[in-house]
Each structure stands twice: as structure tokens, then as C-alpha cells.
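# Coordinate analysis (summary)
Below, each chain spelled out in residue letters.
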Amino acid sequence: MKQPLSIVQFVDYPIINSNYLEIGAIILDLMKQPKFSHITTLNPQILVGCESNYDLKKWVLTSELIVPDGVGIQWAIKRLYRKQIACITGIQLVLTLLNQGGFSCLLVGATPKSYSKAMEKVKIKFPNVTFLEGSHGYIPESEWPNLIQSIKTQCPDLILVGMGFPKQEQFLQQVQKYCTQGIGIGIGGVIDIFSGHQKWAPKWIRTLKLEWLYRGVTQPRRLKTWKFMMPFIFWIIKRLCEK
């Protein structure tokens with residue numbers, strides 16, 4: 001008998017508290033189901049976006065799994081509930097799945113050059129995964145229907161969308177309307193790391209849980225997206241005051 005999932009209720013968000021292998025096994029099982037599902041790797045930016053957008057929050061709450069992506073969510077849960085949960089980063093979760101293999105995968109995201117280079121590399125690095133024809137992430141929304149029709153026709157088991165928040169979530173919402181199988185995950189800048197366009201943080205930085213700082217230093221353009229940080233902190237303070 002399978003053990004029930006360990007879930008931590010983080011205000012409205014049921015967060016899975018597990019490890020990469022167990023979460024990966026759950027996702028592989030979900031791929032076999034006759035329906036399309038999505039998984040949210042919840043980080044502070046997505047949380048702040050959800051709290052100001054009811055429709056987005058409602059969709060996120062229908063996720064098959066909500067994974068605590070990054071130290072921010074881990075820190076917030078510890079402060080609010082005095083509970084220690086595992087931190088599951090998006091890129092490591094994707095690597096866990098691709099290293100397992102045995103399924104088909106389709107990538108959407110990054111620049112045309114980065115996408116093409118990533119496809120070249122992943123086909124070599126992950127020979128047990130069948131990579132289908134996806135797309136870079138700079139296609140206009142007017143062309144989304146054609147891409148989604150292509151996705152529907154190819155029936156990938158796993159769809160990894162790296163368009164950045166909230167565009168990747170909006171794209172997956174549209175995919176869900178038309179596809180009847182597979183798993184969709186928003187993966188941020190993972191495709192750029194696969195291509196070599198961006199470097200993954202060194203292991204010692206990942207161990208210290210400072211990947212967010214490394215990305216800010218090595219990609220200064222990301223700093224303009226950090227405007228969510230103060231709202232996130234205030235949101236946590238408000239919840240602490242309400243306890």
C-alpha cells in the first residue's frame with residue numbers, strides 16, 4: 001500500500017513535502033493517466049502573482065502537485081508553522097525526471113537560438129527520453145493555437161514550458177483546454193541552462209540555498225523582476241500578525 005502524500009497546508013496552498021525521487025515517481029505515474037494535468041513549482045513570485053489574480057490562483061490550486069520551489073517558500077512555512085520542509089528546485093526536479101526517462105517530452109521556451117541549442121544537447125544527454133518538436137518561447141500569442149494543435153497531435157507525456165511567469169502559466173492554461181493527456185510544468189529559465197546560454201549555480205551555492213542571489217548577480221536584468229520580494233515579505237508578516 002502506498003503511503004499517503006505528506007502535505008503542508010500553506011495558507012490556501014497544499015504544498016507537497018517530499019523528496020525528488022518520490023515526487024518524480026508520482027509524476028511518472030500521472031503521465032499514464034487519461035487526462036492532462038499540471039504541476040506548479042511555487043515560488044514567492046508566483047505566490048504574489050496568485051494573491052493579486054484570483055483566476056490564476058484558482059488555476060494553480062487545481063494543480064495535481066504544488067511543489068515548494070526555492071528557499072523563499074521554505075522560509076515562509078518555517079516562520080508561519082514552525083515546520084521544516086524539503087526545498088524542491090524546478091531544475092533539479094526536471095533533471096530527476098529526464099534522467100529517469102522512458103517517456104516523450106516537448107519543450108517550449110527561451111530564444112530561438114537557445115531553444116535550438118538546448119534541443120541538440122538534451123537529445124544527447126538524455127537518450128532515454130523521446131524529444132518531440134516544440135518551439136522557442138518568442139512566438140506571438142496569435143500563433144499559440146497552431147502550436148497547441150501541434151502539441152495535441154504529438155501527445156507528449158511531459159510538456160516543459162520556460163516562458164517565465166506568468167506567460168508560461170497562461171500558455172499551460174490554454175494547453176489544458178485542448179490536450180487530454182500529459183503533464184505540464186512551468187520551468188522558468190531551465191531551457192537556457194540546458195543550452196548553456198545561462199549557467200547553473202555551482203554546487204556550493206546550491207548547498208547554501210543562494211541560487212536566487214547567484215542568478216541576480218550573473219543576470220542583472222532579472223533584478224527588475226524582484227519587485228515581488230517586498231509584497232511577499234509583507235504578505236508573510238500579515239499572516240504572522242493574524243495568528
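These remarks concern the structure in this document. (Residues numbered from 1 in each chain as written. Predicted model: local features only at pLDDT ≥ 70, side-chain atom pairs only at ≥ 80, totals over all residues. Heavy atoms only, no water.)

### Brief notes about the packing of helix α2 (residues 44–51) against helix α12 (residues 229–242)
Angle between the axes and distance between the axes: these two values describe a pair of packed helices. Rule in force here: Note on geometry: axes are C-alpha line fits, over the in-contact stretch for helices, and angles between N-to-C directions span 0 to 180 degrees. Counting from the N terminus, the helices are the DSSP runs of H or I reaching at least four residues and the strands are the DSSP runs of E reaching at least two. To sort the angles, those under 35 degrees are grouped as roughly parallel, those over 145 as roughly antiparallel, those from 65 to 115 as roughly perpendicular, and the leftovers as oblique. The contact definition used throughout considers only heavy atoms, calling two residues in contact when any of these lie within 4.5 Å. Under the convention adopted here, Pro, Cys and the residues Ala, Val, Leu, Ile, Met, Phe, Trp and Tyr are nonpolar, Asp, Glu, Lys and Arg are charged, and Gly plus all remaining residues are polar.
Where α2 contacts α12, the axes come no closer than 9 Å and their chain directions differ by 70 degrees. When the interaxial angle is binned, α2 and α12 end up roughly perpendicular. Contacts from Pro 44, Leu 47, Val 48 and Glu 51 in α2 reach Pro 231, Phe 232, Trp 235 and Arg 239 in α12. Across the contact of α2 with α12, the residue classes tally to 6 nonpolar, no polar and 2 charged.

### Observations regarding the nonpolar core
Just so we agree on the cut-off: Only buried residues count toward a nonpolar core, which is a set of Ala, Val, Leu, Ile, Met, Phe, Trp, Tyr and Cys residues joined through side-chain atoms within 4.5 Å. To sort residues, take the accessible area from a 1.4 Å probe on protein chains only and compare it with the maximum for the residue type: under 20% means buried, over 50% means exposed, and anything in between is partly exposed.
Grouped together as the largest cluster of nonpolar side chains are 38 residues, with contacts concentrated most on Phe 10, Leu 42, Ile 151 and Phe 171. Beyond its immediate sequence surroundings of up to four residues, Leu 42 is in contact with Phe 10, Tyr 13, Ile 15, Leu 47, Ile 66, Val 67, Pro 68, Asp 69 and Ile 73. Ile 88, Leu 97, Ala 118 and Ile 187 belong to the second largest nonpolar core, which has 35 residues in total.

### Some thoughts on the packing of aromatic side chains
Note the cut-off: When the centres of two rings from Phe, Tyr and Trp lie within 6.5 Å, Trp using its six-membered ring, the rings pair. Their planes under 30 degrees apart give stacked, over 60 give edge-to-face, and anything left gives tilted.
Tallying each qualifying case throughout the model produces 4 aromatic pairs. Relative to Phe 232, the ring of Trp 75 has its centre 6.4 Å away and its plane inclined at 55 degrees; by these criteria the two rings are tilted. Of this pair, Trp 75 sits in helix α4 (residues 71–81) while Phe 232 sits in helix α12; the two residues are 157 residues apart in sequence, bridging distant segments of the chain. You can call Phe 232 buried: its relative accessible area is 6%.

### Notes on the side chain of Ser 63
Applicable threshold: Any N or O atom pair separated by 3.5 Å or less is treated as a polar contact, with the protein-specific requirement of one donor-capable and one acceptor-capable atom, and with residues adjacent in sequence counted only for side-chain atom pairs.
Here Ser 63 is to be found in the loop between α3 (54–60) and β4 (65–68). Given a relative accessible area of 11%, Ser 63 falls into the buried group. In terms of polar contacts, Ser 63 uses its side chain to reach the side chain of His 38, at 3.2 Å. Not counting chain neighbours up to four residues away, the residues in contact with Ser 63 comprise His 38, Ile 39 and Thr 40.

### Quick look at a nonpolar patch on the surface
Keep this limit in mind: Patches in this entry comprise residues that are over 30% relatively accessible and not in a salt bridge; like charges within 9 Å are linked, as are nonpolar side chains (Val, Leu, Ile, Met, Phe, Trp, Tyr) within 5 Å. Computed by Shrake-Rupley with a 1.4 Å probe, the accessible areas treat only the displayed protein chains as cover when residues are assessed. We define a salt bridge as a contact between a side-chain nitrogen of Lys or Arg and a carboxyl oxygen of Asp or Glu at a distance within 4 Å.
The grouping of Met 230, Ile 233, Phe 234 and Ile 237 at the surface amounts to a nonpolar patch, some 370 Å² of accessible area in total. Topologically, Met 230 is positioned in helix α12. Among the residues examined, Met 230 registers a relative accessible area of 46% and is labelled partly exposed.

### Quick look at the sheet that holds strand β8 (residues 182–186)
Selection rule: Strand pairing is assigned whenever DSSP identifies at least 2 bridges connecting the two strands.
If you trace the 6 strands from one edge of the open sheet to the other, you get β4-β3-β8-β7-β5-β6, paired in parallel fashion. Each end of this open sheet is capped by a strand with a single partner; those strands are β4 and β6 (129–131). Ignoring strand direction, the axes of neighbouring strands in this sheet form an average angle of 25 degrees. Contacts from helix α5 (residues 90–100) reach β3 (36–42), β5 (103–109), β6, β7 (158–162) and β8, with the element oriented near 145 degrees to β5.

### Considerations on unusual backbone geometry
Residue Pro 166 is bonded to the preceding Phe 165 through a cis peptide linkage, with omega at 5 degrees. Note on placement: Pro 166 falls in the loop between β7 and α8 (167–178). Residue Val 11 is not a glycine yet carries a positive backbone phi of 55 degrees. The residue Val 11 is located in the loop between β1 (7–10) and β2 (13–16) in this model. For Val 11, a relative accessible area of 25% translates into the label partly exposed. Even without being a glycine, Cys 155 presents a positive backbone phi close to 50 degrees.

### Thoughts on the pairing of β7
A regular strand places its side chains so that they alternate between the two faces of the sheet. Applied cut-off: Crossovers are marked right-handed if the path from the first strand over the helix to the second runs clockwise, as seen with the strands pointing away from the viewer.
In terms of burial, β7 is a largely internal element, 5 of the 5 residues being buried. A two-sided burial pattern is seen for β7, the buried positions comprising Leu 158, Leu 160 and Gly 162 on one face and Ile 159 and Val 161 on the other. In the sheet, β5 pairs with β7 via 5 bridges, with the strands oriented parallel. Directly across from Leu 107, in β7, lies its bridge partner Leu 160. Of the pairings in the sheet, the one linking β7 to β8 comprises 4 bridges and is parallel in character. Residue pairing in the sheet places Leu 160 in a bridge with Ile 185 of β8. Once you follow β7 into α8 and on to β8, the crossover reads as right-handed.

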